[in-house]
Amino acid sequence: MLKISSEKDKEKEDEEKVAKKVCQITDAELRGAYLAFHHDNRHQGELDRIPTLSPIVELKLGKSYRSYGTSSASVGSFVYRIGGYCGKEKYSRNVRYFDFSRPEEGLKRGPRTICARCRAAVVGLNGNLYVMGFDGGGARLDVPSIWGEFLDTRLVVEGRAKWSALPDPPSTLGCKYLFAAALDGNFSGKILVLNLRTYAICLFDVTEKSWESLDPIVEYYNGFTTHPIVVGTTLYWIRGPNVWVYDFLKKALVSMPIGDSKICWLINASSPTEMRPTLVHLVGDLFCLLWMDEDCESVHCTKIQVSTQLGAVFVLGCHRYCFHHMVCLLDCLPL
């Protein structure tokens with residue numbers, strides 16, 4: 001997990017100047033060429049002065065915790081890691097967590113899930129942790145095959161927490177390739193669950209423990225470079241050179257090109273052993289895109305503006321951060 005401080009006033013002024021200048025370039029191709037050059041130029045001469053990120057918690061659980069396909073979510077100041085693939089057709093029920101407000105306490109063990117899971121959708125809401133679906137696990141092990149379950153995390157520290165099963169969703173949702181996000185506003189207390197392959201969408205009411213099916217995303221067959229994020233009733237994600245925007249109430253889907261061909265090429269050239277590019281909402285139409293450099297030694301924090309009025313995505317700034325040594329298989333979790 002990376003903690004990046006807020007930008008200084010001078011940096012914000014520089015970003016605003018760049019945005020104003022770019023907005024005056026009406027031709028999309030010329031605008032993209034300008035921003036691509038600007039991105040390359042920004043990082044020239046940085047090698048000796050790139051900030052280095054230090055770990056906030058040391059994970060010392062040995063080889064037994066080296067599993068792939070674990071899922072992450074945060075509830076308050078607690079970060080949870082759930083399940084994973086252990087090799088040789090074995091899947092994990094393990095739960096690990098740590099409090100990033102008390103990093104000195106390190107990683108702790110939580111109550112094991114009812115069902116072994118790999119690459120499950122995980123989301124925190126109202127003090128509870130919800131785990132949905134699985135890719136592997138389930139009936140393959142000598143445990144019940146349960147589609148989803150939830151945990152009252154307020155009882156974890158006391159040692160009294162216990163996982164409980166969730167009701168099964170509509171069959172159209174499936175159990176693999178799921179994404180989940182907690183909603184707010186008029187949809188507070190509900191979780192949106194999306195199948196990343198079939199584009200089926202359902203809402204789960206955590207109070208009533210009931211499901212509602214929504215219309216799937218139609219006329220879209222491109223997959224996802226980043227996992228979607230939800231802002232209000234709108235989903236945002238990146239695929240190819242575009243940011244895609246979908247309002248699940250209005251059922252409106254649009255795409256806008258990212259005005260930096262360099263970034264588009266790098267985020268789409270990432271391999272499975274690198275950090276998956278992550279999109280984070282900041283405020284209004286401002287977002288942050290976190291992605292790993294091709295050398296696997298640095299992470300870029302790119303601030304973008306998604307302008308539906310101009311039909312384009314502007315790159316306002318990009319900062320690079322290094323690690324103490326080469327890393328792989330990072331997971332970036334927005335908090």
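Computed from a predicted structure; not experimentally measured.

Peer 1: Which residues make up the packing of aromatic side chains, and what are the values?
Peer 2: Two numbers describe a pair of aromatic rings. These are the distance of the centres and the angle of the planes. Scanning the entire structure with this criterion turns up 15 aromatic pairs. With centroids separated by 5.1 Å and ring planes inclined at 50°, the aromatic side chains of Y85 and Y91 adopt a geometry described as tilted. Looking at Y85, the relative accessible area reads 26%, which means it is partly exposed. Residue classification places Y91 among the buried positions, given a relative accessible area of 13%. With a centroid separation of 5.2 Å and an interplanar angle of 75°, the aromatic rings of Y220 and W237 are classed as edge-to-face. Note that Y220 is positioned in the loop between β14 (210-214) and β15 (229-231) and W237 in strand β16 (residues 234-239), a separation of 17 residues in sequence. Each member of the pair Y220 and W237 is classed as buried. Linked through ring pairs, Y130, W147, F150, F204 and W211 together constitute an aromatic cluster.

Peer 1: I'd like to hear about the sheet that holds strand β8 (residues 128-132), residue by residue, with values.
Peer 2: What the 4 strands build is an open sheet, ordered β7-β8-β9-β10; its pairing is antiparallel. What marks the edges here is a single partner per strand, and that holds for β7 (121-125) and β10 (164-165). Where strand β9 (residues 148-152) lies against β10, 2 bridges are found, and the strand directions are antiparallel. Across the sheet, residue E149 finds its bridge partner in β10, namely A165.

How each quantity is defined
- Residues numbered from 1 in each chain as written.
- Predicted model: local features only at pLDDT ≥ 70, side-chain atom pairs only at ≥ 80, totals over all residues.
- Heavy atoms only, no water.
- Phe/Tyr/Trp six-rings, centres within 6.5 Å; stacked < 30°, edge-to-face > 60°.
- Buried < 20%, exposed > 50% of the residue type's maximum accessible area, 1.4 Å probe, protein only.
- Helix = DSSP H or I, 4+ residues; strand = E, 2+ residues; numbered from the N terminus.
- Pairing = 2+ DSSP bridges.

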